[in-house]
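Below are the chains, spelled out letter by letter.
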Protein chains: 2
Amino acid sequence: MGSGIEPKLVKANSQERVLAVLDLFTEARPQWSPEELMKELGYTRPTLYRYLKSLKDSGFVMPTRGGRYALGPRVVEMDYLSRRSDPLIATAMPHLERLSAAHPCTALAVRWYGDKTLCVASIASSVSPVSSYPRGRPMPMGRGAIARSIMAFLPKQRVMPLVARYAADLRSVGVGDTPEDILATLKRVRRAGVAIAFGEVTPGAVGIAAPILDAGYPIASLCITIAGQHANGKLIDRISSEVREAAWQISAAADMNSM
Amino acid sequence: MGSGIEPKLVKANSQERVLAVLDLFTEARPQWSPEELMKELGYTRPTLYRYLKSLKDSGFVMPTRGGRYALGPRVVEMDYLSRRSDPLIATAMPHLERLSAAHPCTALAVRWYGDKTLCVASIASSVSPVSSYPRGRPMPMGRGAIARSIMAFLPKQRVMPLVARYAADLRSVGVGDTPEDILATLKRVRRAGVAIAFGEVTPGAVGIAAPILDAGYPIASLCITIAGQHANGKLIDRISSEVREAAWQISAAADMNSM
DNA sequence: GTAGTAATCTCATTATAAGAGATTGATGAA
DNA sequence: TTCATCAATCTCTTATAATGAGATTACTAC
């Protein structure tokens, strides 16, 4: 997390040093021994054990076999809570169900967090989901319908840094070669109300996304992903208008739910 | 979290004070304003804002509309990571799928965390799930097949405190009136290899659970929940042996995966 | 038992978290 | 525009509590 732009050279306080321990638990390395943590973080022995005690007592990590640690139950409970209390999910879920039932697709609700997007709810049609986007999976900000649907609805001042940062990605997927080209594309997206992407994130998958606005400002995106071979122009048009309409309805509910 | 037994009167350090903020986010009250947090926790204004900044920068909370805060994206990502890296889930999932396909039931993998159990994976048959136990939902330790399947396999030294603590619950569901009765029941469960409970957690639901052992010590439980009306003795016997066998297989894999 | 390792404790030192109050920043009204 | 109001951050001093070296204790395995 952090700022995401510069690697944050400010000196960390003790709270941040504790939380830094959690940063190390990744898919590539989900378990750590105290010794490894000490070495990696440069903390002394008593300090590290003190931190581990805090994290263990609050359930964020748990001991596993062999004196190692993994993410703990608190993480699971907090996600459950977040799932149950997120007004975006509550509002979007019926639409995801409806859309995924109507087409062979995966229907997603994706939140935007400054420098990335994160799937918060996902339903796949029982038949042949072209790709899986489970809750919790981060998405790139430089490519794909979701990112574009959000960028298209940002005020120019907020878009420009993103355009600059993801210029290479945006160019490679054909959004535009210059900032002007890109802004022009985004303007068309804005006018259409949906962004469509062909195989930008998952090869062979078509993404159709519309932004969810809160007080006119994009906070999330509703996206339908279908397999490329199913995707003729007619179907894409139809789904586009359904997605646009559903996102609009969710946005209308947003203002009263303080998403 | 915490110790769970006595309400922890030790003075909290700054890390625990920061994490205490997260404790307030509950299903009943998933959003808090800084003002409310200050009042509830007794922190001064600068302190609370400092804490919020740390939590916000690390993604544990996020600002929502109206200057309030909710649990943030980090929670969602960490749960995703935990889901993907938990060897228990990886090992148990095929069994959950198989069992839920074979019977109209909900199949659960439930981890044990000292003073409570927590569902970490759950699959419901498409037809009439009698009750929903999604990932993240805590379960009581005093009642139900899951708790009993774990207690039955604990060494006596570890059972006794639990027996004392949950005496009232255990009595009310008919496990036994005295510690001796309860221990006798647990001994029978241990011999049978499965615990069976009729409507102890959810009225009308039958739970059949077998412990998952790591190095002979229970760490989790595999449970099948079926609707009471489907549950004749024959079926319960059959499912019992299937659950026992599946839990055994998961246990056998446990030792090599440092669950 | 005993070796070998892992985890915790002690305590002096010093860094730093906390708080009161001032200041700045944002938002909306006239 | 200016002003009022509320929210968030900053300043700076003080007292507190986090730190780390090394000793000690608790585990495990043999």
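Residues numbered from 1 in each chain as written. Chains lettered and ligands numbered in written order. Predicted model: local features only at pLDDT ≥ 70, side-chain atom pairs only at ≥ 80, totals over all residues.

Peer 1: Where do I start with the environment of A:P211 in this structure?
Peer 2: Residue and element names in this part refer to chain A. Position of P211 relative to the elements: it lies in strand β7 (residues 205-214). For P211, a count of 29 C-beta atoms within 10 Å translates into the label buried. Once the C-alpha coordinates of P211 and K56 are considered, the two residues, 155 residues apart in sequence, prove to be 39 Å apart. Setting aside residues up to four positions removed in sequence, P211 forms contacts with S149, I150, F153, P218, S221 and A247. (Helix = DSSP H or I, 4+ residues; strand = E, 2+ residues; numbered from the N terminus. Buried ≥ 20, exposed ≤ 12 C-beta atoms within 10 Å, placed from the backbone. Contact = placed C-beta atoms within 7 Å.)

Peer 1: Even after reading the chapter, I still don't get the confidence of the model for chain A, so can you show me in this structure?
Peer 2: If pLDDT is low for a region, its predicted coordinates should not be looked at in detail. Residues and elements named next belong to chain A. On average, residues of chain A carry a pLDDT of 88, and 93% of them reach 70 or more. Mean pLDDT values for the elements of chain A range from 84 in helix α7 (residues 156-165) up to 95 in helix α4 (residues 73-85). Every residue in residues 1-8 is under pLDDT 50, and counting partners more than four places away or in other chains gives nine contacts. Predicted complex metrics record ipTM = 0.87 and pTM = 0.88. (pLDDT = per-residue confidence, 0-100.)

Peer 1: Explanation requested: the protein's contact with DNA strand D in the structure shown.
Peer 2: Around DNA strand D lies a shell of 16 residues, among which A:T44, A:T47, B:N13, B:S14 and B:P46 are the nearest. Taken together, the residues that form the surface near DNA strand D break down as five nonpolar, six polar and five charged. (Near = placed C-beta within 6 Å. Nonpolar A, V, L, I, M, F, W, Y, C, P; charged D, E, K, R; others polar.)

Peer 1: How should the relation of the copies chain A and chain B be read in this particular structure?
Peer 2: The operation relating the two chain copies consists of a rotation about an axis and a shift along that axis. With an RMSD of 0.1 Å, the operation that places chain A on chain B is a rotation of 180° combined with a shift of 0.0 Å along the axis. Expressed as an axis order, the relation between the two copies is that of a two-fold axis. Measuring from the rotation axis to each C-alpha of chain A, the shortest distance belongs to A:Q15, at 2.5 Å. A share of 100% of the interface residues of chain A reappears at the interface of chain B, consistent with the copies meeting face to face through the same patch. (Least-squares fit on C-alpha atoms with pLDDT ≥ 70 in both.)

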